[in-house]
Amino acid sequence: MLEFVRIEREMPDKRPAPLRVKDFAEIYQAMSEIRAAAQASRCSQCGIPFCSVHCPLSNDIPDWLLASAEGRWQEAWLRASATNAMPEMCGRICPQDRLCEGHCVIEKGFGAVTIGAIENAIVEQAFAQGWAEPISPPVERREHVAIVGSGPAGLAAATRLREQGVQVTIFERQDRPGGLLSYGIPGFKLDKSVVMRRIDWLQRSGVTFRCGVSLGQDVSLAELRERHDAVLIATGAYRARRLEVPGASLKGVVPALEYLVAENRREFGDKLPASKDRLLDARGKRVVVIGGGDTAMDCVRTAVRQGAKSVRCIYRRDREAMPGSRREVLHAEEEGVEFVWCETPEGFEGARQVRAARLVRLRLVPDPRGGRPHPEPVPGETRQETADLVLLALGFLPEPLALARGEPHPETHPDGRLKVNPDSLMTSVPGVFAAGDIMRGASLVVWAIKDGQRAARAILDWLAADQKKVDGRAAA
Ligand code: SF4
Ligand code: SF4
C-alpha cells in the first residue's frame, strides 16, 4: 500500500468522445484486474478513512482496497457486498467526486484513489468467477413482505430480507423491473444488461416480481396488508417540478424524465407510439435543457447521441454552484454540449410548437448566512434562444399514492413525501414502511440503497416483535 507516491491515479479507459456519442454503450471500459490492484495499492489505509465517512453506505473501503491490492478478490467482494446490496450500480453512477473520492486524503497533491472503478472491478470479477451466487438463506421463514416499487430502494430491501429467509414479492407498475435504474439512467452510464443481471440474480435468489401491477389500481394497500406481514413502499419520486412561465405547456417543452424514459425504452427494444417517438427524439433539433443537476447532464448527453443539431444547457447559477457531478459536466463538454451560466427562462415562444426560450440574465448575490449565492434578475437583460425541444430538468417530487377511498393513508409531508418514524422507517400505518425517494425526496441511488437496507432491518425487527406477540399469545 501507500503506492500513491509511485503510481499515478488512473481512471478506467474512456472511449473517445467522437466514438462514444455514436451509441448508448457505457463510456468506460472495465478496469483490468492488474490495473485495479495497482490502483487499490495507492490507498494509504488511513486511521480515519474519510472516504468511508463520506460514503452514504459507510463502506469498508480501505479493507476492500487492501484485499484487492493483494489479489484477494473474493474477500474484497464479500466485504464490498456486505454493506452494499448493489455495488456495481454505485461504482458506475455514484458522483464519487462529491462522495468517497472527493474526501480521499490523497486527493490533494496526488489524486484520489479510484474507488468507484475498483468497486466495479470487484463486482465484475465476482460475477465472472461465480462468487456472486444467488442467496440461499440458512432457513426459509414463513413471513412474507410486499415491496411496492422495484427501484434501488426496493431491490436493496429485497436482498437483505431474502438473506434472512423472508419471502418477498415486488410489485412494479412498469412492464419490467428496475425503476429508475432501468428507465431513468441512460445506458452510457449504466448498461441495461448490468441492471437485468441483478434482477435475474434476485429472481434466482427467490424474489418474486409482479410487473404491470399498480398500487391503488390493480391492488389496494389494504389487500397487501392483509396478505403480507409487512409492506414496504418504495415508489420513488417521478413527478416533475413544473416551471410556471408563459409557454411552458407548448408542444416540445417536455419534462426530463419523460424524455429519458423514452430513450431507455428504445434501448430495451420497445416501440413507442409514432407521435411520442417523434416528440421525444432530438435528432436534427436544437435542444435546450434547463437545469444543472445529474438529470440535466443525462438529458444533454442523450440528445447529443440522438443526433441533435445543437445542445445547450441553461443553468441559473455558475459552474461552481452546479449540483451535478463535475465529472458528468466534463463528459458533456467533451461530447459537444455548450453550457450557459446565470440565465433562466422567463417564457417560451411558439404558436403550438415551441420555437424559442426567452431567457433572462441573472447575477449571483452572496448569501449573508453563508449558503449558496442567490440568483437575481439583471433588469433589462433578456435574449431569445432558438429551440425545437426544451427539456425541463428541475427536480422531482413523489407522486401521491393512489389509495382506495376509506383505507388508511400514510401521513405525508406537504411536498408528498411519506412521513416515517426516523428510527423504524414505519409510516403512520402500522406494518407499512417507506424507503428511498418517496420518503427522502429525490436523491442519489446510493441513498435509496441505504434506505432500502435500513428498511429491511426495521422490517425484520417488526416481524420479530410480532412473532414474540404470537408466541406470547400461544403460551397464554
Ligand atoms: Fe463511493 Fe458510492 Fe461506492 Fe460509497 S457506494 S464507495 S460513495 S462509489
Ligand atoms: Fe485510502 Fe483515500 Fe480512504 Fe485514505 S481516504 S483510506 S487513502 S481511499
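Being a predicted model, the structure only gives us computed values, none of them experimental.

Comments concerning the overall build of the protein chain
Each helix and strand in the protein chain was counted, giving 18 helices and 15 strands. Computed over the C-alpha atoms, the radius of gyration of the protein chain is 23 Å, within 12% of the 23 Å expected from 2.2 N^0.38 for a compact globule of 476 residues. Principal axes of the C-alpha set define a box for the protein chain whose edges measure 80 × 65 × 50 Å. The 476 residues of the protein chain split such that 53% are buried. By sequence separation, contacts in the protein chain at least 24 residues apart represent 70% of the contacts at least 6 residues apart. On the protein chain, the mean spot of the 66 positive side-chain charges and the mean spot of the 63 negative ones are 4 Å from each other.

Some remarks on the site of ligand 1
Neighbouring residues of ligand 1: 13 residues in total, closest Cys55, Cys94, Gln96, Cys100 and Glu119. In terms of residue class, the shell around ligand 1 is built from nine nonpolar, three polar and one charged.

Some thoughts on the nonpolar core
Grouped together as the largest cluster of nonpolar side chains are 95 residues, with contacts concentrated most on Trp64, Ile147, Leu161 and Leu181. With 10 residues, the single largest contributor to this core is helix H18 (residues 445–475). A domain split of this core shows at least three residues from each of domain 1 (3–129) and domain 2 (144–238 + 398–475). With residues near it in sequence (within four places) discarded, Leu181 still touches Met86, Met89, Ile93, Pro152, Leu155, Leu190, Lys192, Val195 and Val445. One finds Ala256, Met297, Ala303 and Val329 within the second-largest nonpolar core, a separate group that totals 29 residues.

A word on the sheet that holds strand S3 (residues 208–211)
If you trace the five strands from one edge of the open sheet to the other, you get S3-S2-S1-S4-S15, paired in parallel fashion. A single partner strand is all that each edge strand has here, and the edge strands are S3 and strand S15 (432–434). The mean angle between the axes of side-by-side strands here comes to 20 degrees, regardless of whether they run parallel or antiparallel. Pairing between strand S1 (residues 144–148) and strand S4 (residues 230–233): four bridges, direction parallel. For Ile147, the partnering residue across the bridge sits in S4 and is Leu232.

Quick look at the pattern of salt bridges
One pass over the structure, following the stated rule, counts 49 salt bridges. Residue Glu223 is joined to Arg227 by a salt bridge in which the shortest nitrogen-to-oxygen separation is 3.9 Å. Of the two residues, Glu223 and Arg227 are both situated in helix H12 (residues 221–227); the distance of four residues between them amounts to about one turn of the helix. One salt bridge connects Arg358 with Glu349, and the closest N-O pair in it is separated by 2.4 Å. Residue Glu349 is classed as partly exposed on the basis of its relative accessible area of 27%.

Let's talk about the sheet that holds strand S11 (residues 356–365)
Note: strands within a sheet are paired through backbone hydrogen bonds, in either parallel or antiparallel orientation. Spatial strand order, S10-S11-S12: three strands in an open sheet with antiparallel pairing. Pairing within the sheet leaves two strands with one partner each, and these edge strands are strand S10 (343–349) and strand S12 (374–386). With strand direction ignored, the average angle separating the axes of adjacent strands in the sheet is 25 degrees. Taken together, the six bridges between S10 and S11 define a ladder with antiparallel strand orientation. For Thr344, the partnering residue across the bridge sits in S11 and is Val360.

Focus: the domain arrangement of the protein chain
Looking at the assigned domains, one finds that the protein chain contains domain 1 (3–129), domain 2 (144–238 + 398–475) and domain 3 (243–392). Between the C-alpha centres of domain 1 and domain 3 there is a distance of 31 Å. The interface is formed by 15 residues belonging to domain 1 together with 16 residues belonging to domain 3. Taking both partners together, domain 1 and domain 3 bury about 1200 Å²; carbon and sulfur atoms supply 45% of that area. Taken as a group, Val21, Phe24 and Asp97 account for 45% of the area that domain 1 buries against domain 3, more than any other trio of residues on that side. Taken together, the connections running from domain 1 to domain 3 amount to five salt bridges. Of the charged contacts in the structure, one is a salt bridge between Lys14 and Glu334, with a shortest N-O distance of 3.0 Å. The residue makeup of the side of domain 1 that touches domain 3, split by class, is seven nonpolar, one polar and seven charged.

Brief notes about the environment of Ala332
Mapped onto the elements of the fold, Ala332 is located in helix H16 (residues 326–334). Through-space distance from the C-alpha of Ala332 to that of Arg301 is 5.9 Å; in sequence the pair is 31 residues apart. Residues in contact with Ala332, not counting those within four places in the same chain, are Met297, Val300, Arg301, Val337 and Phe339.

Topic: the state of the cysteines
As used here, a disulfide is simply a covalent bond connecting the sulfur atoms of two cysteines. With the rule as written, the count across this model stands at zero disulfides. As a non-bridged cysteine, Cys342 has Cys313 as the owner of its nearest cysteine sulfur, 12 Å distant.

Focus on the side chain of Glu328
Relative to the assigned elements, Glu328 resides in helix H16. Dropping the residues within four chain positions of it, Glu328 is found in contact with Lys189, Asp294, Met297 and Arg301.

Parameters at a glance
Residues numbered from 1 in each chain as written. Chains lettered and ligands numbered in written order. Predicted model: local features only at pLDDT ≥ 70, side-chain atom pairs only at ≥ 80, totals over all residues. Heavy atoms only, no water. Helix = DSSP H or I, 4+ residues; strand = E, 2+ residues; numbered from the N terminus. Rg over C-alpha atoms; globule rule 2.2 N^0.38 Å. Buried < 20%, exposed > 50% of the residue type's maximum accessible area, 1.4 Å probe, protein only. Contact = heavy atoms within 4.5 Å. Lys, Arg positive; Asp, Glu negative; His and termini not counted. Charge placed at Lys NZ, Arg CZ, Asp CG, Glu CD. Near = heavy atom within 4 Å. Nonpolar A, V, L, I, M, F, W, Y, C, P; charged D, E, K, R; others polar. Core = buried A, V, L, I, M, F, W, Y, C linked by side-chain atoms within 4.5 Å. Domains from an automatic or database assignment. Pairing = 2+ DSSP bridges. Axes fitted to C-alpha atoms, helices over the stretch in contact; angles between N-to-C directions. Salt bridge = Lys/Arg side-chain N within 4 Å of Asp/Glu carboxyl O. Buried area = accessible area lost by both parts, 1.4 Å probe. Disulfide = S-S within 2.5 Å.

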